[in-house]
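Architecture at a glance
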Amino acid sequence: MSPLRESRYPTVAELVFSARALAVRRPGLCTLREVGVSRAGRPLHLLSVGRARRAVLVVAGAHANEPAGGGTLLALARRALREPELRDGVSWHFLLCADPDGASLHVTPAPRTLYDYHLGFFRPSGPEQPEWAPSVLPPDRLPPETRALTGVIDELRPYLQVSLHGTELGGSWVQLTRDVPGLAEPFAKSAAQLHIPVETGPSDAAGWPASGPGVHVMPAPEAAPAYPSLTDDARHSTWYHVHRYGGMTAVIEVPMWASDLVDDPAPHPAPDAAMHRLAERLLRDAGEVRRVLEAAEPGPAPGPGPGDTGGPLLRAAVWGLELVPGLAADLVRTPPADGTRAYVGSVDAFARRVPLRAAAMLRRALSGTDAGAAARLERLVAHWSDAFATRFRARWVPVEHQVEHQVRAVVAAAHHAREQSP
């Protein structure tokens with residue numbers, strides 16, 4: 001297998017190959033082992049560097065459509081091997097891919113445009129996402145990927161867990177389960193040096209307190225959610241599992257395409273009216289996708305299992321469409337959590353993603369059973385991808401910049417969180 005090229009995202013097989021090479025080259029410091037298997041029987045691998053009791057756990061691949069984390073994880077492992085000061089009293093542990101089944105279905109390792117990206121798009125439904133499953137499923141129904149992740153946390157008891165995430169278009173931001181004083185400055189400095197905008201009002205962190213631009217701290221349990229209809233809750237995700245051991249989680253987001261519209265802190269002139277317009281467009285676009293689905297020839301049965309592509313694609317598309325009525329109502333009924341142009345822009349992007357992703361996955365699911373429906377969906381994907389890129393003036397962020405920014409943010413988070421940990 002050829003070495004990784006930094007101009008594209010690594011596959012899971014390439015991650016494992018590179019991790020195994022590190023373990024062979026530095027056996028005294030580095031180990032690679034299996035810590036579980038996926039629903040389809042794919043192994044989950046943990047790469048460890050150093051043997052200190054105090055641990056940092058870095059998780060990549062929790063969302064199949066957010067591919068930068070794999071490259072970041074390898075770069076961090078190599079840096080931890082190269083720089084002894086990073087291992088001073090700290091061991092580093094890297095879960096190479098939390099959802100290898102999902103990674104096998106998202107097939108755009110080197111997208112040239114948003115349209116390319118969505119042609120191979122996959123993101124599982126909430127109950128099938130390893131980190132989010134505990135917020136929507138009872139403990140006895142959790143997928144094996146979730147149990148493997150929480151098992152690693154139980155074993156390592158890390159003072160810091162870092163989950164590497166991303167967005168197709170927007171800016172970079174951090175979500176923290178507990179504040180990390182001192183993180184905001186190096187985070188902002190890195191973003192500026194690499195020409196990555198800081199997303200100051202991400203919809204993912206709507207209503208959360210900020211400890212600095214783009215650094216958001218999850219609110220107390222009694223705080224009301226910004227979008228009441230959404231059943232998933234970060235406070236019930238695996239991000240909080242580490243708290244039982246006194247640790248915390250940092251979620252580091254980085255964009256594939258950047259938009260300078262998401263870091264504008266100026267007040268929006270009419271945020272309530274904007275939310276009404278976004279809700280109307282969300283309902284209209286989702287309605288177009290739903291009508292294609294209702295008229296389509298029956299596709300593959302949506303059952304889980306190895307080799308089943310139609311099932312997870314259909315389940316994910318339908319799950320996304322089912323979110324739309326409640327989300328649109330939230331946008332209209334709930335006062336905007338933030339009245340800035342950045343926040344309204346982030347909600348605009350969110351409202352574009354939901355029907356676009358559903359159309360993209362449904363196109364793939366129906367391509368073998370209803371060519372006409374798949375063609376109609378492909379036209380929607382093309383049109384909406386182009387409109388998304390145009391509206392937000394999308395510019396590609398080189399993969400090496402995505403990776404370097406996440407690496408810097410992880411190292412800074414590990415340093416400052418260590419100062420706060422017992």
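Check the entry above for the structure.
For the structure given in this document, a descriptive report is provided here.

Analysis parameters
- Residues numbered from 1 in each chain as written.
- Predicted model: local features only at pLDDT ≥ 70, side-chain atom pairs only at ≥ 80, totals over all residues.
- Heavy atoms only, no water.
- Buried < 20%, exposed > 50% of the residue type's maximum accessible area, 1.4 Å probe, protein only.
- Helix = DSSP H or I, 4+ residues; strand = E, 2+ residues; numbered from the N terminus.
- Pairing = 2+ DSSP bridges.
- Contact = heavy atoms within 4.5 Å.
- Axes fitted to C-alpha atoms, helices over the stretch in contact; angles between N-to-C directions.
- Parallel < 35°, antiparallel > 145°, perpendicular 65-115°, else oblique.
- Left-handed = near helix turned anticlockwise from the far one by under 90°.
- Nonpolar A, V, L, I, M, F, W, Y, C, P; charged D, E, K, R; others polar.

1. Side note on the pairing of strand β9 (residues 248-258)
- Among the 11 residues in β9, 11 count as buried, and that is most of the element.
- As paired elements, strand β5 (residues 160-170) and β9 share 10 bridges and run parallel to each other. Bridge assignment links Gly-170 to a residue of β9, and that residue is Ala-258.
- Relative to strand β10 (residues 395-396), β9 runs antiparallel, the two sharing two bridges. The residue of β10 that forms the bridge with Trp-257 is Trp-396.

2. Description of the side chain of Gln-161
- Considering the arrangement of structural elements, one finds Gln-161 in strand β5.
- Judged by relative accessible area, which is 0%, Gln-161 ranks as buried.
- Excluding residues within four positions of it along the chain, Gln-161 makes contact with Leu-57, Val-59, Leu-149, Ile-153, Thr-238, Trp-239, Val-242, Met-248, Thr-249 and Ala-250.

3. Digging into the packing of helix α2 (residues 68-82) against helix α12 (residues 399-420)
- Packing of α2 against α12 brings their axes to within 9 Å, and their N-to-C directions diverge by 55 degrees. In terms of axis orientation, α2 runs oblique to α12. Seen along the crossing, α2 lies across α12 with a hand that is right-handed. Together, Ala-68, Gly-69, Gly-71, Thr-72, Ala-75, Leu-76 and Arg-79 of α2 and Gln-402, Val-403, Gln-406, Val-407, Val-410 and Val-411 of α12 make up the contact between the two elements.
- By residue class, the composition of the contact of α2 with α12 is seven nonpolar, five polar and one charged.

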